[in-house]
Amino acid sequence: MTQQKEDRRIAPVGFVIAAGLLVLAAFVAKDAVGMGAVSSYAGIGPSAASWAVAAGLGLLAAGTLVSTLRGEVPTPEPSDRAAVLTIVAGIAAMIATISAGGGFIPAMALLFGLTARGFGRRALATDLGIGVMLGLIVYLGFTKLLALSLPQGPIERLF
């Protein structure tokens, strides 16, 4: 049993990742504090999603730190440059669509479709349709339930 403990080494990269997650959680929490205390009927305001993200990032930071201290940080796999570029293209398409006034839902459909393509799925038309449906659900949830404004285009003006 002591041989197993001696074989494990604490990787400094785990501490860097945990610190980065914690800093990101702090930025999201700071942003949530700045949103104010506007709440809807259910008591959930615009900052609720930000607080949930900040808490999730904090939990990921804690889990990463524990794994690092146990010597359980996995070695990274080699990256697939084509997949990464396809996902980056999805982010660029999302930004371009919103900048051109296309709206949130088409932008999310492009992001979802190209991200799925980056992960190896080849049914782009189906993925774009799924992206439209997910974008619609997210749009309605954020605008109607949380009273947040998202970029509007022709589709969003229908709601």
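The preceding data block contains the structure.
Residues numbered from 1 in each chain as written. Predicted model: local features only at pLDDT ≥ 70, side-chain atom pairs only at ≥ 80, totals over all residues. Heavy atoms only, no water.

Participant: So, the overall build of the protein: which residues are in play, and what are the values?
Facilitator: Counting secondary structure elements, the protein contains 6 helices and 0 strands. Secondary structure elements in the protein, listed N-terminal to C-terminal, are α-α-α-α-α-α. Across the 159 residues of the protein, 25% fall into the buried class. For the protein, the proportion of contacts with a sequence separation of at least 24, taken over those separated by at least 6, is 59%. Accessible surface, the protein: about 10,600 Å² in total, of which carbon and sulfur atoms supply 70%. (Helix = DSSP H or I, 4+ residues; strand = E, 2+ residues; numbered from the N terminus. Buried < 20%, exposed > 50% of the residue type's maximum accessible area, 1.4 Å probe, protein only. Contact = heavy atoms within 4.5 Å. Areas by Shrake-Rupley, 256 points an atom, 1.4 Å probe, with all protein chains shown as cover.)

Participant: Outline the pattern of salt bridges, listing residues and values.
Facilitator: Within this structure, the stated rule accounts for 1 salt bridge. Of the charged contacts in the structure, one is a salt bridge between Asp127 and Arg121, with a shortest N-O distance of 2.5 Å. Among the residues examined, Arg121 registers a relative accessible area of 39% and is labelled partly exposed. (Salt bridge = Lys/Arg side-chain N within 4 Å of Asp/Glu carboxyl O.)

Participant: Before we move on, can you summarise unusual backbone geometry with the specific residues and values?
Facilitator: Positive phi, normally seen in glycine, also occurs at Ala147, with a value near 60°. In this structure, Ala147 sits in the segment after helix H6 (124-145).

Participant: Account for the packing of aromatic side chains, with residues named and values stated.
Facilitator: Counted according to the given criterion, the structure contains 1 aromatic pair. Between the aromatic rings of Phe104 and Tyr139, the centroid separation amounts to 6.3 Å while the plane-to-plane angle is 35°, which identifies the pairing as tilted. Highlighted residues: Phe104 in helix H5 (residues 104-118) and Tyr139 in helix H6, separated in sequence by 35 residues. One exposure class covers both Phe104 and Tyr139, and it is buried. (Phe/Tyr/Trp six-rings, centres within 6.5 Å; stacked < 30°, edge-to-face > 60°.)

Participant: Requested: an account of a nonpolar patch on the surface, with residues and values cited.
Facilitator: Taken together, the side chains of Ile10, Phe15, Leu65 and Leu69 present a nonpolar region at the surface, about 350 Å² in accessible area. Counting through the fold element by element, Ile10 comes out in the loop between helix H1 (2-7) and helix H2 (12-34). (Patch = residues over 30% accessible without salt bridge, like charges linked within 9 Å, V, L, I, M, F, W, Y side chains within 5 Å.)

Participant: Please give an account of the side chain of Asp127 that cites residues and values.
Facilitator: Residue placement: Asp127 occurs in helix H6. If sequence neighbours within four positions are ignored, Asp127 has contacts with Phe112, Gly113, Ala116 and Arg121.

Participant: An account of the packing of helix H4 (residues 81-99) against H5 is needed here, citing residue identities and associated values.
Facilitator: With their axes 8 Å apart at the nearest point, H4 and H5 run at an angle of 175° to one another. Classified by the angle between their axes, H4 and H5 sit roughly antiparallel to one another. In this structure, H4 contributes Ala83, Thr86, Ile87, Ala89, Gly90, Ile91, Ala93, Met94, Thr97 and Ile98 to the contact, and H5 contributes Pro106, Ala107, Met108, Leu110, Leu111, Leu114, Thr115, Arg117 and Gly118. The residue inventory of the contact of H4 with H5, partitioned by class, reads 13 nonpolar, 5 polar and 1 charged. (Axes fitted to C-alpha atoms, helices over the stretch in contact; angles between N-to-C directions. Parallel < 35°, antiparallel > 145°, perpendicular 65-115°, else oblique. Nonpolar A, V, L, I, M, F, W, Y, C, P; charged D, E, K, R; others polar.)

Participant: How would you summarise the environment of Ala29 if you had to cite specific residues and measurements?
Facilitator: Mapping Ala29 onto the fold places it in helix H2. Ala29 sits 18 residues away from Ser47 along the chain, and the two C-alpha atoms are 9.0 Å apart. Ignoring any residue separated from it by four or fewer positions in sequence, one finds Ala29 in contact with Trp51 and Ala54.

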